[in-house]
Amino acid sequence: MKVKRWFLLRNKNHFTLYLSIIISTIIIMVIQGSLMTFFIVSGVIPDLLLIMVVCLAFIWGDKRAIMIGIIAGFIQDVFWGPAIGFFCLAKMIAALLAGLASHEIYRDQIIGPMITVFFVTFVHEIIVFSLTGFFWGNTFSFYFALEKFFLPRAVYHFILTMFLYPLFYRAEQHNFFYPSFK
Amino acid sequence: MNQTTRKVMGILGLIILFLSLIFFTGKFRSRYTFAEDLIMTGLSPVQGFFSQIGLRTSTFFQGIVDYERVLEENKKLKIQLAARENVHYQLLELQKENYRLREMLGFKERTEYSLLPAEVIARDPSYWFETITINKGYADGVEKDMAVVTSSGLVGNVMLVSRNSSRVLMLTDSRRAVSALVQRSREPGFIGIVEGYPGKKGHLRIINLPPEANIQPGDTVISSGLGGVFPKGLVIGHVLQVGKDQYGLLQQAIIIPAVNFNRLEEVFIVVELPPEKKDEGEEVVPSEE
């Protein structure tokens, strides 16, 4: 009986957690596709969803990271992806790396997640670049993309994480992602 | 098999699964799947709402910064509009005369189009895929491959359709090529994206022009109508720079698009009219086949 209760509770917690991630992802995707396009800095638009995925994976560790990446990536595929599975793969690997990095870096100091976001952005963009090249062909060379897209976006994400990570961290501290139904 | 090996195997399995999914869903799609359609239909009003907030905020601040310039531009545009009105009526007269003469000569009927207005409700935030979402879908008669234009020129074509919204593949996307010609000299060629051109995103280039092609900076490039997706005569952009291609055999030119792809707010979907609609007095955009 105890096992059954534990099992149900565990599923309920998982259900609310994943539902929270789905809702947060949808809100961020809607803002990303509409509001954010008017705040492009020097031709660079930040990927708010990637920042969210990395921050949450960093907070929760690699066990949940894969699921966060897949959920967020799938919703991005529905909104903008050229194919289902495209951003699933990129976001899953990004989240996994952030989750693994969290073992070695303090979670309650802002510089750790900022550096993680900076490097994971590179990895994410390289995966997207490679998949695009493999399936549809790239018109940009790698070095051009590195200089014009990857680096500016990584710097932009690095700065934005300074403001966004504390929000996610506090949300986690206040159980925002798994609210009680009581 | 220990836990780490199982984890690695699991991740590899997921990577293979996603690669297969990309392979099977990356092509041959003209409509969203049922689940995607449901999500897009539910979210398009929300996207529209946020888009409006962004647009109004941006326009408000832009208006303050550019107040003097906007006033000056407004004066000029009013004068231009008055002049264009006269030209518009003259063109309508010429259009009617052209129909009569074509009929007398027994020429094949031109394909005709009406313009369906749509609002841009979202834009792809990545740099790899240049797509926008508009608030018209198959419920409004929108179909895959319909051309999308603004008053300035060609934007792209409809790529994916859901009930109340559609995704438009823009000209600047690297996955497309448009058959085009130089309006002044009528040189045929193809339009593609500029690779590595001074770091400026959103420029186009016309390639495959013969060495003797008569093309020079300032020339207007228009759609040729070949390929069946875009009607003939839609303005694509203006030539910025002409040069040889990488092998030195053919000419190519960098083009500044006529449309400002970063500030798209309203667009028109070009809907082909059935022949019987032609005589109902609708204002149409003719295109020679």
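Residues numbered from 1 in each chain as written. Chains lettered and ligands numbered in written order. Predicted model: local features only at pLDDT ≥ 70, side-chain atom pairs only at ≥ 80, totals over all residues.

1. Thoughts on the overall build of chain B
A count of helical and extended segments in chain B gives 3 helices and 13 strands. The buried share among the 289 residues of chain B stands at 31%. Relative to all contacts within chain B whose residues are 6 or more apart in sequence, the contacts with residues 24 or more apart total 62%. (Helix = DSSP H or I, 4+ residues; strand = E, 2+ residues; numbered from the N terminus. Buried ≥ 20, exposed ≤ 12 C-beta atoms within 10 Å, placed from the backbone. Contact = placed C-beta atoms within 7 Å.)

2. Digging into the overall build of chain A
When helices and strands are tallied, chain A shows 6 helices and 0 strands. Taken from the N to the C terminus, the helices and strands of chain A come in the order α-α-α-α-α-α. When contacts within chain A are restricted to residue pairs at least 6 apart in sequence, long-range pairs at least 24 apart make up 72% of them.

3. Looking at the pairing of strand E9 (residues 220–223) of chain B
Consecutive side chains along a regular strand alternate between the two faces of the sheet. Residues and elements named next belong to chain B. With 3 bridges joining them, strand E6 (residues 178–182) and E9 adopt antiparallel strand pairing. Bridging across to E9, alanine 180 finds its partner in serine 223. Pairing analysis gives 3 bridges linking E9 to strand E10 (residues 235–244), with the strands arranged antiparallel. Within E10, the residue paired with threonine 220 across the bridge is histidine 238. (Pairing = 2+ DSSP bridges.)

4. A few points about unusual backbone geometry
One non-glycine residue, aspartate 145 of chain B, lies in the positive phi region at around 75°. Here aspartate 145 of chain B lies in the loop between strand E2 (131–134) and strand E3 (147–149).

5. Examining the packing of helix H4 (residues 86–101) of chain A against helix H1 (residues 3–25) of chain B
To describe two helices that pack against each other, one gives the angle between their axes and the distance between the axes. The interhelical angle for the contact between H4 of chain A and H1 of chain B, taken along N-to-C directions, is 155°, at an axis separation of 8 Å. One way to sum up the angle between H4 of chain A and H1 of chain B is to call them roughly antiparallel. Only Leu14, Ile15, Phe18 and Ile22 of chain B of H1 of chain B make contact with H4 of chain A, whose side of the interface consists of Phe86, Cys88, Leu89 and Met92 of chain A. Counted by class, the contact of H4 of chain A with H1 of chain B contains 8 nonpolar, no polar and no charged residues. (Axes fitted to C-alpha atoms, helices over the stretch in contact; angles between N-to-C directions. Parallel < 35°, antiparallel > 145°, perpendicular 65-115°, else oblique. Nonpolar A, V, L, I, M, F, W, Y, C, P; charged D, E, K, R; others polar.)

6. Regarding the nonpolar core
General note: in soluble globular proteins, nonpolar side chains tend to be found buried as a group. Judged by nonpolar contacts, the single largest core of 106 residues is most densely connected at Val53, Val54 and Ala95 of chain A together with Ile236 of chain B. If one sorts the elements of this core by residue count, H4 of chain A sits on top with 13 residues. (Core = buried A, V, L, I, M, F, W, Y, C linked by C-beta atoms within 7 Å.)

7. Some points on the packing of helix H3 (residues 62–79) of chain A against H4 of chain A
Residues and elements named next belong to chain A. Two elements in contact, H3 and H4, have axes separated by 7 Å at closest approach and are oriented at 155°. With respect to each other, H3 and H4 are oriented roughly antiparallel. Handedness of the H3/H4 crossing: right-handed. Residue composition of the contact of H3 with H4, by class: 17 nonpolar, 4 polar and 3 charged. (Left-handed = near helix turned anticlockwise from the far one by under 90°.)

8. Here's the deal with the environment of valine 155 of chain A
Residues and elements named next belong to chain A. Following the sequence through the fold, valine 155 ends up in helix H6 (residues 142–173). On the basis of neighbour count, valine 155 is assigned to the partly exposed category, with 14 C-beta atoms found within 10 Å. A sequence separation of 36 residues divides valine 155 from phenylalanine 119, and the C-alpha atoms of the two residues are 9.7 Å apart.

9. Considerations on helix H5 (residues 111–135) of chain A
Between the first and last C-alpha of H5 of chain A there are 36 Å, a value that for 25 residues agrees with the 36 Å anticipated at 1.5 Å per step. Of all the positions in H5 of chain A, only Pro113, Thr116, Val117, Val120, Thr121, His124, Glu125, Val128, Phe129, Leu131 and Thr132 of chain A are classed as buried. In the core, the buried residues of H5 of chain A are packed alongside helix H2 (48–60), H4 and H6 of chain A together with H1 of chain B. Trailing H5 of chain A by a residue or two, glycine 137 of chain A shows a phi angle of about 95°, which is positive. (Expected span 1.5 Å × (residues − 1).)

10. Some remarks on the environment of phenylalanine 177 of chain A
Residues and elements named next belong to chain A. Tracing the sequence through the fold places phenylalanine 177 in the segment after H6. Take phenylalanine 177: there are 19 C-beta atoms within 10 Å of it, and that puts it in the partly exposed class. Between the alpha carbons of phenylalanine 177 and serine 130 there is a distance of 33 Å; along the sequence they are 47 residues apart.

11. A word on the confidence of the model for chain A
Per-residue confidence for chain A gives a mean pLDDT of 82, with 87% of residues at or over 70. Taken together, the stretch residues 1–9 of chain A has pLDDT below 50 and engages in 0 contacts with residues farther than four places along the chain or on a different chain. (pLDDT = per-residue confidence, 0-100.)

12. Details of the environment of serine 102 of chain A
Residue and element names in this part refer to chain A. Structurally, serine 102 can be placed in the loop between H4 and H5. Judged by the 21 C-beta atoms lying within 10 Å of it, serine 102 is buried. Sequence separation between serine 102 and valine 120 is 18 residues, and the spatial gap between their C-alpha atoms is 12 Å. Those residues within four positions of serine 102 in sequence are excluded, and the remaining contacts are Phe58, Gly61 and Arg107.

13. Remarks on the confidence of the model for chain B
Residues and elements named next belong to chain B. In the predicted model, chain B carries a mean pLDDT of 77, and the fraction of residues at 70 or more is 82%. The secondary structure element of chain B with the lowest average pLDDT is strand E13 (residues 285–287), at 46, and the one with the highest is E3, at 90. Note that pLDDT drops below 50 for residues 276–289; the model gives that stretch 28 contacts with residues more than four away or on any other chain.

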